[in-house]
Amino acid sequence: MKPDTPQIAAAVDALEPYLVDTLSAFVRAESPSGREEPAAQFMEEALRGLGLEPERIVLDNSLLKDSPLFACPCMPDNGRYNLLARHVPEQGGGRSVLFNGHLDVVPTGPQRMWSRPPYEPYIEDGWLFGRGSGDMKGGIVSALAAYKALNDLGLEPAGIVGFNAVLNEEDGGNGSLSTIHALKNALAKARLTDFDATIIPEPFAETLMTAEVGVFWMFVDLTGRPAHAAYMNTGVNPIEAAMAVVADLKQIESEWNAPERRPPLFREHPHPINFNVGRIEGGEWNSSVPCTCTLGLRISFFPETDPTQAKRTIAQSVRATVARVNAFLDVGIRFQGQFAPGAYYDMQTPAMRALIAAHAEVNGVDPEYFASTACTDARHFHHLADLPVTCYGPQARNIHGIDESVSIASMKRVATTLARYIVDWCGVRPMRRV
């Protein structure tokens, strides 16, 4: 009854047109954070096409605000929703898994910098290009293809297999938080106890994530004193103060990256802790000392660091810099968007050992491990659901950058591995005849 790996690989290989067509349509469904509805609608139909019935889990941040992992939202709820679909066997007995992936993508940047328009997918040299192709619609399609390949072999999982498509991963993570809240509080048809493990097919090049840094976003609002540029010494320039703030924060970044401060899993990374100046807005007129300036910052820290202490350290640095630059400056600090404690992930649980074995069976070698210097939704399942979890997805290039793309060959390998995992972890049975 169980297919062997060559049979699974052949079934996935036959699905290459499905992979390409599905991902291309998915990329065309523009879904920047806060406006994911086109991708949600597409995903709803893609799940139905697999014979699954998706349930909408409406995002309501008022229900999440007391969670220790709640991120102050950057966008209104606006009735947006996650999608959760499950294959539920008539008779239980198999173990279960939840595939979790985010629908939202980051802004494209100037479209003139792209070789082709970012939401018009195309294939070149085995790579499918377009915003979101790598991060992380390609991984989601790989998981769907794994399930479909088994169906095409006349098989269905003997345990529950779930697909959770979520909002807001890129700017806070409250999408996955919303599903976990619904599962824990009987607000959905599914229950948290339905699942024994979670796999998130983020584009980590077929490695297994063993750790991730913590991250928070902060905004620094500086207000100075405007003046004519001819008499600039009578004004107070908040943009110049912002430059000093960044310089002092970069010094802290260097200290946190010092080799003696790195945990073992991050020791070999060239630069694990990153303070990113993602946005700067300010000024009104070239010939005027500006009145205001706002910095948008992304700060990371190692899993051992308490997130509250990290926020306190950075805020104190900002205030000290501003006070040193000019006592007349007004400073406001807002923590909004991403808020994620770091985490370590146990690769020795039965669920993770099964994924390691599936990768080895498909690829002929054990997988490599990866300590991520980005944050992912895996933290929610680790800290709040106590489920074995990792990220395992295809190889991608230029995520969050220009000409983002994903390897089609890697998607097929991931789909084959995930199908092998379903066979070994969940078990399979002949499909029910309807």
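What counts and what doesn't
- Residues numbered from 1 in each chain as written.
- Predicted model: local features only at pLDDT ≥ 70, side-chain atom pairs only at ≥ 80, totals over all residues.
- Heavy atoms only, no water.
- Helix = DSSP H or I, 4+ residues; strand = E, 2+ residues; numbered from the N terminus.
- Rg over C-alpha atoms; globule rule 2.2 N^0.38 Å.
- Contact = heavy atoms within 4.5 Å.
- Domains from an automatic or database assignment.
- Buried area = accessible area lost by both parts, 1.4 Å probe.
- Salt bridge = Lys/Arg side-chain N within 4 Å of Asp/Glu carboxyl O.
- Core = buried A, V, L, I, M, F, W, Y, C linked by side-chain atoms within 4.5 Å.
- Buried < 20%, exposed > 50% of the residue type's maximum accessible area, 1.4 Å probe, protein only.
- Pairing = 2+ DSSP bridges.
- Axes fitted to C-alpha atoms, helices over the stretch in contact; angles between N-to-C directions.
- Parallel < 35°, antiparallel > 145°, perpendicular 65-115°, else oblique.
- Left-handed = near helix turned anticlockwise from the far one by under 90°.
- Nonpolar A, V, L, I, M, F, W, Y, C, P; charged D, E, K, R; others polar.
- Phe/Tyr/Trp six-rings, centres within 6.5 Å; stacked < 30°, edge-to-face > 60°.
- Lys NZ or Arg CZ within 6 Å of the ring centre and 35° of its normal.
- Expected span 1.5 Å × (residues − 1).
- Polar contact = N/O pair within 3.5 Å; in protein donor to acceptor, adjacent residues only side chain to side chain.

Within the chain, the secondary structure is distributed over 10 helices and 22 strands. What you see for the chain is a C-alpha radius of gyration of 23 Å, in line with the 22 Å of a compact globule of 434 residues. Its C-alpha atoms put the chain at 85 × 45 × 40 Å along the principal axes. Partitioning the intrachain contacts of the chain with sequence separation of at least 6 by distance along the chain shows that 83% fall at a separation of at least 24.

We now examine the domain arrangement of the chain. According to the domain assignment, the chain contains domain 1 (5–211 + 343–430) and domain 2 (214–340). In this structure, domain 1 and domain 2 have C-alpha centres spaced 34 Å apart. Listed as interface residues are 22 residues of domain 1 and, on the opposing side, 17 residues of domain 2. Overall, the association of domain 1 and domain 2 removes approximately 1,400 Å² of surface from exposure, summing both partners, and the carbon and sulfur fraction of that is 59%. Where domain 1 meets domain 2, there are 0 salt bridges.

What follows is about the nonpolar core. Grouped together as the largest cluster of nonpolar side chains are 92 residues, with contacts concentrated most on Met43, Phe99, Phe163, Leu418 and Tyr421. No other element matches the 11 residues that helix H10 (residues 408–426) contributes to this core. Residues within four places of Phe163 in sequence aside, it is in contact with Leu47, Leu52, Leu83, Leu84, Ala85, Leu98, Phe99, Ala143, Leu144 and Tyr147.

An order of S1-S2-S7-S3-S8-S19 is seen for the 6 strands of this open sheet, with the pairing classed as mixed. The open sheet is flanked by strand S1 (55–58) and strand S19 (389–391), the only strands paired with a single partner. Across the sheet, the mean angle from the axis of one strand to that of its neighbour is 20°, orientation sign disregarded. Pairing of strand S2 (residues 81–87) with strand S7 (residues 161–166) involves 5 bridges; the strand directions are antiparallel. The residue bridging Leu84 from the neighbouring strand is Asn164, located in S7. Most of the contacts of H10 go to strand S3 (residues 97–102), to which it runs at about 150°, and overall it touches S3, S7 and strand S8 (198–200).

Here helix H2 (residues 16–28) crosses H10 at 115°, and the two axes come no closer than 11 Å. By the angle between their directions, the pair H2 and H10 is classed as roughly perpendicular. Where H2 crosses over H10, the two elements pack in a sense that is right-handed. Seen from H2, the contacting residues are Glu16, Leu19, Val20 and Leu23; seen from H10, they are Ile408, Met411 and Lys412. Tallied by class, residues from the contact of H2 with H10 come to 5 nonpolar, no polar and 2 charged.

Another point: helix H5 (residues 174–184). Taken across its 11 residues, H5 has 9 buried, putting it largely inside the fold. Listed as buried for H5 are Asn174, Gly175, Ser176, Leu177, Ser178, Thr179, Ile180, Ala182 and Leu183. Where H5 is buried, its residues touch S1, S2, S3, S7 and helix H9 (378–383). Phi for Ala186, located one or two positions after H5, is positive at around 55°.

Attention now moves to the packing of aromatic side chains. Aromatic ring pairs are described here by two measures, namely the spacing of the ring centres and the angle between the planes. A complete count under the given rule lists 10 aromatic pairs for this structure. Between Tyr122 and Phe129 the ring centres are 4.8 Å apart and the planes differ by 5°, which places this aromatic pair in the stacked class. Pair check on accessibility: Tyr122 and Phe129 agree, each one buried. Joined through ring pairs, the aromatic side chains of Phe99, Tyr147 and Phe163 make up one cluster. Across the ring face of Tyr81, the terminal group of Arg56 is positioned such that the distance to the ring centre comes to 4.2 Å. Directly above the ring of Trp127 sits Arg397, whose terminal nitrogen or CZ lies 3.7 Å from the centroid.

Now for unusual backbone geometry. Put simply, Asp135 and Met136 share a cis peptide bond, and its omega is -10°. Within the secondary structure layout, Met136 lies in helix H4 (residues 133–152). With a phi close to 55°, Ala205 is a non-glycine residue in the positive phi region. Take Ala205: it is sitting in the loop between S8 and strand S9 (208–212).

Moving on, we get to H4. With 20 residues, H4 extends just 25 Å between its outermost C-alpha atoms, more than 12% less than the 28 Å of an ideal straight helix rising 1.5 Å per residue. For H4, the buried fraction is high: 18 of the 20 residues fall into the buried class.

Per the stated rule, a full pass over the model turns up 17 salt bridges. For the salt bridge of Lys412 with Glu16, the shortest nitrogen-to-oxygen distance reads 2.8 Å. Of this pair, Lys412 sits in helix H10 while Glu16 sits in helix H2, placing them 396 residues apart in sequence. A salt bridge links Glu45 to Arg48; the shortest N-O distance between them is 3.1 Å. On the criterion of helical spacing, the pair formed by Glu45 and Arg48 is a turn pair, its members being 3 residues apart in helix H3 (residues 37–49). On the basis of relative accessible area, Arg48 is assigned to the partly exposed category, the value being 35%. Here the residues in one salt-bridge network are Glu44, Glu45, Arg48, Glu53 and Arg56, joined through shared partners.

Our next topic: the side chain of Ser300. Structurally, Ser300 is set in strand S14 (residues 292–301). Looking at Ser300, its side chain comes within polar contact range of the main-chain nitrogen of Asn274, at 2.9 Å. Here Arg298 takes part through its side chain, which lies 3.5 Å from a polar atom of the side chain of Ser300.

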